[in-house]
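# Reading the structure
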Amino acid sequence: MKLGILLERRNPVITEVIANLRARGAEVELIEPQTASFELSELRVRHDLYILKSIASPMAASIAATLDALGARTFNPFPIVSRLRNKVATLAQLAAHGVPVPTTWVTGNVETLVPQLARGPLIVKPYMGSRGIGVAKVTTRDELLAAAGDASPILAQRFHPSDDSLDHKISFVSGQLFAVKRIFPLRTYDDKIGTPLPVDDRTRELAHSIARALALDFFSFDVIVSGGAPYVVDVGPFGSFMGVPDAPALITKRILQAWEEATRR
Amino acid sequence: MKIYIMLAYTHTQADRPVLAEVIENLRADGFEVETGIAETFAVRPETLRVDADLYVLKSHSAMWLNLAAVLDAQNARILNSYSSCVATLNKIRTAARLHAAEIPIPRSWVTGDLARLSEVAVPLLIKPNIGRSGFGIQLVRDRSELATTKVADGMLVQELIDPVADELKLYVVGEQVFGVRKDRDSGVREPVAVERSLEDIARRCGRALGLDIFGIDVMFPPTGPVVVDVNYFPSFKGVPAAPRALSEFIRSYARA
């Protein structure tokens, strides 16, 4: 069994998953886009399955797209992961399936957003962002202009203050759910692990709605509960699974299952 | 029937004479034609709904592509298709697909770190993965420049072509192929007849990339033609037959 794992950075969870897979006899090759270099004619599908751990950089996304175009099997499926990277399309898809998301605007002209500040702060984020990079809360026109910079388009959302000042991160693995609460933005390693949170029925329902809306069965998402109402503020294709008990074992099992499905097809 | 044209952001109607004629023709044929420049909107993406029978994606901007993504997820008809347009903007994806389809391209490498290309012969063209209209392309003539050339992210690196004939721009509308020769010294462009073998290369590019309306740039090293660039829905400037061909293609596509 040959597995290619496309990843941009390692964390303890993925490192353990790789060790588990190797212990099960898998030949695992890590493809790290930032140091990759190859002649185009050499790019071939050489693995039974590719795990798309992260494709945030254009280079990683290009390699994944190219492998997909050449007929590689990918976990999660490349078209789904690729669409998820685009926050504008993802938000529209979530809203269409009744998942609560903050009111969102997308524009090429930041001035059109200024009137919205009269009704409260906005969150400005890159439409193709990841890991919270470039996310800013703005309350004035100057802050809005500075946060938008030269980017186009600009994605802005209504800011909803979290009731417990925390961000709830939910991981979904084939119907199993795990939740932790964390501060945002993350500052330290302990921040990243967060505190375990029981999963209530509302969160469970929300997670299944997202799974249906985006055709995913392995993902993580961020929820803010504001005024008692939940708002989904981000969905990621893989997530770090930090703070999830037994995450490496669960992920290993899911990958082995995906590999079995891939070789059976 | 309603056709919506997703326009690129330019200042005046005179910047797009071909498109202006296409719009006029379609209206004369009884189509309701609406146009818009996304950069001037503030859109609530969750409220965006398909309200045209056909969308024509002319713009290459991230703003329009984002809105096209939302419409595509609702099964809007988009010409060229949304996924093909996104793929074509990515030079690494495009080069890999052309190569897989056995279409001749310059020898190419992919890297996030130019220092790793120590075995590769110069001169080289370093192209940003997501690049428009030649923006950000760097020429490296001396190996020592590889260490000092800054790259943003993934780059497509290609051998520099030393041409033995003028570059050709081939414009494709469905099955029709139009040629424009670009004089190597003066840069002057003139319409030319296209050889059958080059028409064939152009059509194969369209099939490989899933495009109906596009342009390719072909250069001629001693070894034969190579495709150096592909753009979806280019300007068609200098192609006298373009307005009519485009109007007819869009009309039959909309009614299909």
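Residues numbered from 1 in each chain as written. Chains lettered and ligands numbered in written order. Predicted model: local features only at pLDDT ≥ 70, side-chain atom pairs only at ≥ 80, totals over all residues. Heavy atoms only, no water.

### With respect to the packing of aromatic side chains
Residues and elements named next belong to chain A. One pass over the full model with this rule turns up 10 aromatic pairs over all chains. The interplanar angle of 45° and the centroid separation of 5.3 Å between the aromatic rings of phenylalanine 218 and phenylalanine 241 together place this pair among those described as tilted. With phenylalanine 218 in strand 13 (residues 218-226) and phenylalanine 241 in the loop between strand 14 (229-236) and helix 8 (247-264), the pair connects residues that are 23 residues apart, well separated along the chain. On the basis of relative accessible area, phenylalanine 218 is assigned to the buried category, the value being 0%. (Phe/Tyr/Trp six-rings, centres within 6.5 Å; stacked < 30°, edge-to-face > 60°. Helix = DSSP H or I, 4+ residues; strand = E, 2+ residues; numbered from the N terminus. Buried < 20%, exposed > 50% of the residue type's maximum accessible area, 1.4 Å probe, protein only.)

### Regarding the interface of chain A and chain B
Facing 35 residues of chain A, the contacting portion of chain B comprises 37 residues. For the pair chain A and chain B, the interface holds one salt bridge. Between B:Arg107 and A:Glu39 there is a salt bridge, with the nearest N and O atoms lying 2.7 Å from each other. Our count for the contact surface shared by chain A and chain B stands at 10 residue pairs in polar contact (both at pLDDT 80 or more). Of all elements in the fold, only strand 3 (37-39), helix 2 (58-69), helix 4 (87-96) and strand 6 (104-107) of chain A reach the threshold of two or more residues within the side of chain A that touches chain B. (Contact = heavy atoms within 4.5 Å. Salt bridge = Lys/Arg side-chain N within 4 Å of Asp/Glu carboxyl O. Polar contact = N/O pair within 3.5 Å; in protein donor to acceptor, adjacent residues only side chain to side chain.)

### Some details on the pattern of salt bridges
Residue and element names in this part refer to chain B. Taken as a whole, this structure holds 21 salt bridges over all chains when the rule is applied. Here arginine 184 and aspartate 166 are joined by a salt bridge, their closest N and O atoms 3.2 Å apart. Linking arginine 184 in the loop between strand 11 (176-182) and strand 12 (189-192) with aspartate 166 in the loop between strand 9 (155-159) and strand 10 (167-173), this pair joins segments that are 18 residues apart in sequence. Arginine 203 serves as the salt-bridge partner of glutamate 199, at 3.3 Å between the closest nitrogen and oxygen. With glutamate 199 and arginine 203 both in helix 6 (residues 196-209) and four residues apart, the pair spans about one turn of that helix. Classification of arginine 203 by relative accessible area gives partly exposed; the value is 24%. Put simply, Lys2, Glu34 and Asp51 are held in one network by salt bridges that share partners.

### Focus: the pairing of strand 6 (residues 108-111) of chain B
For a regular strand, side-chain orientation follows a simple rule: the groups alternate between the two sheet faces. Neither face of strand 6 of chain B is exposed, since B:Ser108 and B:Val110 on one face and B:Trp109 and B:Thr111 on the opposite face are all buried. Where strand 3 of chain A and strand 6 of chain B come together, three bridges link them in antiparallel fashion. For A:Ser37, the partnering residue across the bridge sits in strand 6 of chain B and is B:Thr111. In the sheet, strand 6 of chain B pairs with strand 9 of chain B via four bridges, with the strands oriented antiparallel. (Pairing = 2+ DSSP bridges.)

### What to know about helix 7 (residues 242-255) of chain B
Counted at 1.5 Å a residue, the expected span for helix 7 of chain B with its 14 residues is 20 Å, and the 20 Å between its end C-alpha atoms agrees. When helix 7 of chain B is considered as a whole, its buried residues turn out to be B:Ala242, B:Pro243, B:Ala245, B:Leu246, B:Ser247, B:Phe249, B:Ile250 and B:Ala254. (Expected span 1.5 Å × (residues − 1).)

### Some remarks on unusual backbone geometry
Residue A:Asn76 is reached from A:Phe75 by a cis peptide bond, and omega for that bond is -15°. Position of A:Asn76 relative to the elements: it lies in the loop between strand 5 (74-75) and helix 3 (78-85). A cis geometry characterises the amide bond from B:Val122 onward to B:Pro123, with omega recorded as 0°. Inspection of the secondary structure puts B:Pro123 in the loop between strand 6 and strand 7 (124-128). Phi at A:Ala215 takes a positive value of approximately 55°, unusual for a residue other than glycine. Along the chain, the position of A:Ala215 falls in the loop between helix 7 (201-214) and strand 13. Positive phi outside glycine occurs at B:Asn75, with the angle close to 65°. By the element assignment, B:Asn75 lies in the loop between helix 2 (62-73) and strand 5 (78-79).

### Here's the deal with the sheet that holds strand 12 (residues 195-197) of chain A
Residue and element names in this part refer to chain A. The sheet built from five strands is open, its strands ordered 12-11-10-13-14 with antiparallel pairing. Strand pairing shows two members of the sheet lacking a second neighbour, strand 12 and strand 14, which therefore form its edges. The sheet shows a mean angle of 30° between the axes of neighbouring strands, direction not considered. As paired strands, strand 13 and strand 14 are joined by seven bridges and run antiparallel to one another. Within strand 14, the position partnered with phenylalanine 221 by the bridge is valine 235. Contacts between helix 7 and the sheet are confined to strand 10 (167-173), strand 11 (176-182), strand 13 and strand 14, with strand 13 contributing the most and set at about 130° to the helix. (Axes fitted to C-alpha atoms, helices over the stretch in contact; angles between N-to-C directions.)

### Thoughts on the packing of helix 4 (residues 91-100) of chain B against helix 6 of chain B
Residue and element names in this part refer to chain B. Viewed as axis vectors pointing N to C, helix 4 and helix 6 meet at an angle of 115°, and their least axial separation amounts to 9 Å. The crossing of helix 4 and helix 6 is right-handed. When helix 4 is examined against helix 6, the residues Thr94, Arg97 and Leu98 are found in contact with a partner set consisting of Cys205, Ala208 and Leu209. (Left-handed = near helix turned anticlockwise from the far one by under 90°.)

### Description of the nonpolar core
With 125 residues, the main nonpolar core has A:Phe221, A:Val232 and B:Ile216 as its most contacted residues. Looking at this core element by element, the count peaks at nine residues for helix 2 of chain B. Leaving out residues up to four positions away in the same chain, A:Val232 has contacts with A:Leu94, A:Val99, A:Pro100, A:Val101, A:Pro102, A:Leu206, A:Ile210, A:Phe221, A:Asp222 and A:Val223. Counting residues in each nonpolar core, the second largest holds 27 residues, with A:Ala26, A:Ile51, A:Phe218 and A:Ala262 among its members. (Core = buried A, V, L, I, M, F, W, Y, C linked by side-chain atoms within 4.5 Å.)

### Topic: the packing of helix 4 of chain A against helix 7 of chain A
Residue and element names in this part refer to chain A. Two elements in contact, helix 4 and helix 7, have axes separated by 9 Å at closest approach and are oriented at 120°. With respect to helix 7, the element helix 4 is oriented oblique. Here helix 4 and helix 7 pass one another in a crossing that is right-handed. The residues of helix 7 that touch helix 4, namely those facing Thr90, Gln93 and Leu94, are Ile210, Ala213 and Leu214. For the contact of helix 4 with helix 7, the class distribution of residues is four nonpolar, two polar and no charged. (Parallel < 35°, antiparallel > 145°, perpendicular 65-115°, else oblique. Nonpolar A, V, L, I, M, F, W, Y, C, P; charged D, E, K, R; others polar.)

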